[in-house]
Amino acid sequence: MTPRPACRSKPDDRPSITRMSTSLMNLAAPRVSLCGASAVLLDAEGPLSLPTQERIWSLSERVRDLSGVLDTHPGMNSLLVLLDPLAVDADAFAAELLKRWADTRPGRVRGRTIEMGVVYGGERGIDMPDFAAFHGLSPKEVAELHAAPEYVVFAPGTGPGFGFLFGLDPRLFTPRRQVPVMRPVGSNISIGGGQAGLGTPQRPGVPAATAPTGWHVIGHVPDAPVPFDLNREPPFLLALGDRIRFRIESVVA
Amino acid sequence: MIEIVQTAALNSVQDLGRFGYRRYGINASGAMDALALAAGNALLGNEPGAAGIEVQLFPFVVRFHVPTRLAVTGAACDATLDGRRLPPWWSVPVNAGQTLTLGFPRLGVRSYVAVTGGIDVPEVLGSRSTYGRLAIGGHEGRNLALGDRLPIRSCEGAPQSSAAGFGAFPPAAFMKLPPHTAARPGDLVLRVIPAAEYEQFTEESLREFWSAAWSVTPQSNRMGYRLSGTNPLMRLEATEMRSHGLVPGVIQVPPSGQPIIQLADGNSSGGYPKLGYVIAADLWRLAQARPGTALRFVRCDVAAAREADRLAAFYLGQLRAMAEAQLRAMAS
């Protein structure tokens, strides 16, 4: 077997990651930037926190029905607003968005809580050995740290129904890879920087696929619920603000 | 109904995209060359967002089982209707039983087939665009295959196909690009607005970005275009970023230093630093760029981008007015 490259950075040179804290206090000054002439990105800055994110969700709902707004996309600590450039001037909208941010209160969202069993390590958690070694932990200790908190769905992932999770124990913060590697997709439990991810499950009947990622895949959810079903109401399994509890199914050496 | 007689993977039903579902992780998809699709619809008197067929693998052959009117826009492919040549960007009536053939394009990459009333597949989450990742939209949520039958509205009383067609000037003839001092014939100049992380790149890299030729690599598709240049683009400091929403046209720079431009089916969010945005009004040009094309970037601001958007809207408006006058004259 070809040895896999270990995590590139050493534990003591990851300042940009350790700066992210789980503090619930900071609501630092936001920043807006133009994304071309047809979108505006508001970055709340400061650390990831639930109140900040609840404020982003509120702002998202407040502006999504404005005339000339095509869509809104909450990110981690950020909000992207897509505009019809012929109807709205991006510069003017950026100023308006900042103004609205100032008077937006966190909208308390208490979504559903969903529990999922995780198989840590093994073929579908292929990065676990290096990941554990990087932190000087055993795979079992990594699994326990990962499964302990209740996670909140903060932002949509790149596929529907699943997303970026908040709540990761800072002891597991890990720099992304400099060079992405190919990993099987489908219900992946992964970590990138200070973010935890739950990948979209493989659709039944669709051949297994791989995709490039800079994140560290340490496990998967073998019986992940179907994330998206048009015959279900609502069709999307997870909404922003939903909670996820991971249960250790097994830790494969 | 129209029947797919010859196709290859990657040809699909697309409209102008799916909006309103980004908070669930669903991006717009939609036509890569939205201007060509909108122009095809204008030539038929359709709504701009009616669904058409995006053809990116040729030859592509369809048979019409009802009379209607069609328009072929986008890449200049050798289009024929029952063997009779159709000029590029042309609108023509078609009878039941006729066959449309699109040959390999001489210029450009993607052609669009529009029909009166649009391809009548069901709307899914507000759009008829095929979104392969979720297997929704378009025809059965997938790319077109041999033998597929797509619903279209029959236009009773449509003029016979012996009637004259009419066409449009392609937009490239109408919309001029600013010059790039180092560009060579055949290079594609694109206008770029700097992005939030622009200042984080080294001065040398920024100079390189604006002055060098960036080649479109074969790893380019509906998700995005991967570019390669002589010197990779470097940041002053390699900090990590949180995942945030992306829009088509965003130029991301992964650690390799070789830029990626996210497009219609690209990631809706990501964490790579962004150097700039190809303005929306130039995305159709990029969508028609073949692998190997050299790209040159010129700096642009929001005011100029808005002007370019207005020019595109004006072009489509003129096209629509001309087409509607033609169609009215034929109907009377």
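Numbering of residues begins from 1 in every chain and follows the order in which that chain's sequence is written. For naming, the first written chain is A and the first written ligand is 1, with later ones following in the order written. Selection of residues for local features in this predicted model requires a pLDDT of at least 70, selection of side-chain atom pairs for listing and counting requires 80 or more, and totals for whole chains, interfaces and linings are taken over all residues. The side-chain quantities take in all heavy atoms of the structure and omit both hydrogens and water.

Explain helix α1 (residues 34-44) of chain B to me, and be specific about the residues and the numbers.
All names here are of chain B. Here the term buried applies to any residue with accessible area under 20% of the maximum for its type, exposed to any over 50%, and partly exposed to those in between, with areas from a 1.4 Å probe on protein chains only. Put simply, DSSP marks the helices as runs of H or I at least four residues long and the strands as runs of E at least two long, and each gets a number from the N terminus on. For α1, a buried count of ten out of eleven residues is recorded, marking the element as mostly surrounded by other parts of the structure. Burial in α1 covers these residues: L35, A36, L37, A38, A39, G40, N41, A42, L43 and L44. Looking one or two places after α1, you find G45, whose phi comes out positive at around 75°.

Help me get a handle on helix α2 (residues 50-63) of chain A, residues and values and all.
Counted at 1.5 Å a residue, the expected span for α2 of chain A with its 14 residues is 20 Å, and the 20 Å between its end C-alpha atoms agrees. Along α2 of chain A, eleven of the 14 residues are buried, which leaves the element largely enclosed by surrounding structure. By this rule the span expected of a helix is its residue count minus one, scaled by 1.5 Å.

Explain the domain arrangement of chain A to me, and be specific about the residues and the numbers.
Residues and elements named next belong to chain A. Those domain boundaries reflect an automatic or database domain assignment. Partitioning chain A into domains gives domain 1 (31-103) and domain 2 (113-251). Of note, the centres of domain 1 and domain 2, computed from C-alpha atoms alone, are 27 Å apart. Listed per partner, the contact involves nine residues of domain 1 and 13 residues of domain 2. In short, buried area is how much 1.4 Å probe accessible area vanishes from two parts on joining, totalled over both. Around 870 Å² of area is buried between domain 1 and domain 2 when both sides are counted, 79% of it from carbon and sulfur atoms. A pair is scored as a salt bridge if a Lys or Arg side-chain nitrogen falls within 4 Å of a carboxyl oxygen belonging to Asp or Glu. Between domain 1 and domain 2 we count zero salt bridges in total. When the residues that make up the side of domain 1 that touches domain 2 are grouped by side-chain class, the tally is five nonpolar, four polar and no charged. Residues are treated as being in contact if the distance between any of their heavy atoms lies within 4.5 Å. Throughout this entry, Asp, Glu, Lys and Arg are counted as charged residues, while Ala, Val, Leu, Ile, Met, Phe, Trp, Tyr, Cys and Pro are counted as nonpolar. The remaining residues, Gly among them, count as polar.

Mind laying out the nonpolar core, listing which residues take part and the relevant values?
For our purposes a nonpolar core is just a set of buried Ala, Val, Leu, Ile, Met, Phe, Trp, Tyr and Cys residues, chained together by side-chain atoms within 4.5 Å. If you look at the biggest cluster of nonpolar residues, it comprises 48 residues, and the most contacted ones within it are F209, I261, L295 and F297 of chain B. Each residue touching F297 of chain B, except ones within four places of it in the same chain, is listed here: H180, L190, V192, F209, W210, W214, L227, I251, I261 and V278 of chain B. A147, L198, I218 and L240 of chain A belong to the second largest nonpolar core, which has 40 residues in total.

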